[in-house]
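Residue-level structure breakdown
Each chain, letter by letter, is given below.
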Amino acid sequence: MKEYWGSLASILGVLAFCQSLLHVLFPPELRFATLKLFNRVFNMFTSYCYFDITEIDGVNTNELYNAVQLYLSSCVTISGSRLSLTRALNSSAITFGLTNNDTIFDTFNGVTVLWEHIVTQRQAQTFSWRPLPDEKRGFTLRIKKKDKSLILDSYLDYIMEKANDMRRKNEDRLLYTNSRGGSLDSRGHPWESVPFKHPSTFETLAMDPVKKAEIIEDLKDFANGQSFYQKTGRAWKRGYLLYGPPGTGKSSMIAAMANYLGYDIYDLELTEVHHNSELRKLLMKTSSKSIIVIEDIDCSIDLSNRKKGSPNNSSSIGSSYCDPEMRSGPGLSTGDEGGNSITLSGLLNFTDGLWSCCGSERIFVFTTNHIDKLDPALLRSGRMDMHVFMSYCSFPALRILLKNYLGNAESDLDEGVLKELEEVIDKAEMTPADISELLIKNRRNKDRAVIELLEALKNKAEMKLKSGECVREKNLNDVGEEEEEEEQEKRALESPKEGCDYEDSIKKEEEDEEKKIK
């Protein structure tokens, strides 16, 4: 045993002597130069190149690392043997990711790349103003040398754009409203926000399918039209005017648009805005990829049609685009204290002026129940590009409501009932809101709901028919009265002439008698 330990000690001594000899013959500088030369020779014969993307670049967080992590989560499938699960703040989605030191292949424009997630323990820190994590995380990208230009010029930009889209879709959308009196919140913003949870979608929206498909296609072209708008020199924005009777689904349409595009909504209350400058500041504080809404614009402030104004109002608000006069909202006084002094010119510049281009990919939506009350300058293309008439409930929209509230398909309903509904729905002129209320009230009894709906539609149609007959009779009576008045006026015009002839004959007889006496 002693001989064994003695021989082992001799061997260790020889190794220590050799190590000391190597340190003397090959100092650290020489060893580093040799390793560098070896790597250079190795890189000359290899067809790959490598790029490291660390989580922390110095003391700042590397946004590219977060983008790559989020992008790769869409490439990882659930069939993987070991995955990491994450859920970001203000997000309702759970994303998958690569675990420590795992690899995944990705393809871009026919080029295959390899991503490796490398996690190592960080060395002990002596002193730092900002403590770093215990683990050092990063991604290593391996690509072929011939594909280097393609990957660096296009692939990384594609990853950043894709990650931003995924982040926006995963985050909860927000509904903003302007603060009362233009006050600022704790962050200095004039908008207050709450999570937007409206469940309306284009699938559940009770609307004519043809018109709905047209709107969806227009929204899709807008969202994917960045290059088109840049090429044509137009601001990347679009305006929609939703008009029609109350209860036809204008607010639901706005919610469906926001859910389809993944945009935030800014609900602008004009009565809380005092000056044009304040309106402009609100616009500047809105973000890109958002929908700016002004509901019931005809009721917010006086923006009536100038052509229908009285002659006395020819110099009032809206008589020209640059008219400095003010339009006051209902119940508000003009003036500097608490008054509303938004001009038509200010609102037009809000939607189509230079300041409307301070952001990109924004949609302006105005709603009104009376389109004829709005000034034509507000309705032209470039401000309100697409006018959408939200009409009374049609038969295709009724089928959507029956499916939404009762779960009924066409095959579940009797053909005779369907035919009766189709015949009476247009005559009744009921709004989707009224029909929805009837279906909600009887949603537990589907057959009863359909029967009551059919009765309500028939009653409404009969009332419409009777009111139409009354209107026609009134019109006929008015025509008869007008004819009688015209006849009376004619007689009145003729009667003075007859009286004059009678008086002239009497005077002539008197003159003849006087002549005889003489």
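Everything that follows concerns the structure shown earlier in this document.
Conventions used here
Residues numbered from 1 in each chain as written. Predicted model: local features only at pLDDT ≥ 70, side-chain atom pairs only at ≥ 80, totals over all residues. Heavy atoms only, no water. Helix = DSSP H or I, 4+ residues; strand = E, 2+ residues; numbered from the N terminus. Buried < 20%, exposed > 50% of the residue type's maximum accessible area, 1.4 Å probe, protein only. Contact = heavy atoms within 4.5 Å. Areas by Shrake-Rupley, 256 points an atom, 1.4 Å probe, with all protein chains shown as cover. 1 Å grid on protein atoms, 1.4 Å probe; cavity = no way out; pocket = protein on both sides within 12 Å on 5 of 7 lines; lining within 4 Å. Points joined across faces, edges and corners; volume = space filled by probe spheres on them. Nonpolar A, V, L, I, M, F, W, Y, C, P; charged D, E, K, R; others polar. Domains from an automatic or database assignment. Salt bridge = Lys/Arg side-chain N within 4 Å of Asp/Glu carboxyl O. Pairing = 2+ DSSP bridges. Axes fitted to C-alpha atoms, helices over the stretch in contact; angles between N-to-C directions.

1. Some points on the overall build of the protein
The helix and strand inventory of the protein stands at 15 helices and 15 strands. Of all 518 residues assigned to the protein, the portion counted as buried reaches 33%. Within the protein, residue pairs in contact and separated by at least 24 positions form 68% of the contacts whose partners lie at least 6 positions apart. Summing over all exposed atoms, the protein offers an accessible surface of approximately 32,800 Å²; the carbon and sulfur share of this is 53%.

2. Description of the layout of surface pockets
The calculated volume of the largest pocket comes to roughly 550 Å³. In terms of lining residues, the largest pocket is bounded by 18 residues, among which Asp165, Arg168, Ala223, Asn224 and Lys289 are the most central. Where the lining of the largest pocket is concerned, the elements lending two or more residues are helix H4 (148–170), helix H5 (209–223) and helix H7 (250–261). Here the element with the most residues in the lining of the largest pocket is H4; it accounts for eight residues. In terms of residue class, the lining of the largest pocket is built from seven nonpolar, three polar and eight charged. Counting only domains with at least three residues in the lining of the largest pocket, you end up with domain 1 (23–124 + 131–170) and domain 2 (175–389).

3. Quick look at the pattern of salt bridges
Within the structure shown, the criterion is met by eight salt bridges. Between Asp352 and Lys237 there is a salt bridge, with its nearest N and O atoms 3.5 Å apart. A residue pair is termed long-range when its members are at least 10 positions apart, and Asp352 in helix H10 (residues 344–352) and Lys237 in strand E11 (residues 237–243) qualify at 115 residues. Between Asp352 and Arg380 there is a salt bridge whose closest N-O contact spans 3.1 Å. Residue Asp352 is found in helix H10, and its partner Arg380 is found in the loop between helix H11 (376–379) and strand E15 (386–389); the two are separated by 28 residues along the sequence.

4. Here's the deal with the sheet that holds E11
Read from one edge to the other, the open sheet built from seven strands follows the order E10-E9-E12-E13-E14-E11-E15, with strand pairing classed as mixed. Of all strands in the sheet, those with a lone pairing partner are strand E10 (191–195) and E15, marking the two edges. With strand direction ignored, the average angle separating the axes of adjacent strands in the sheet is 20°. Relative to strand E14 (residues 362–368), strand E13 (residues 290–294) is paired through five bridges, and the arrangement is parallel. Bridged to Ser290 within E14 is Arg362. Against the sheet, H7 contacts E11, strand E12 (264–267), E13 and E14, and its axis sits at roughly 170° relative to E14.

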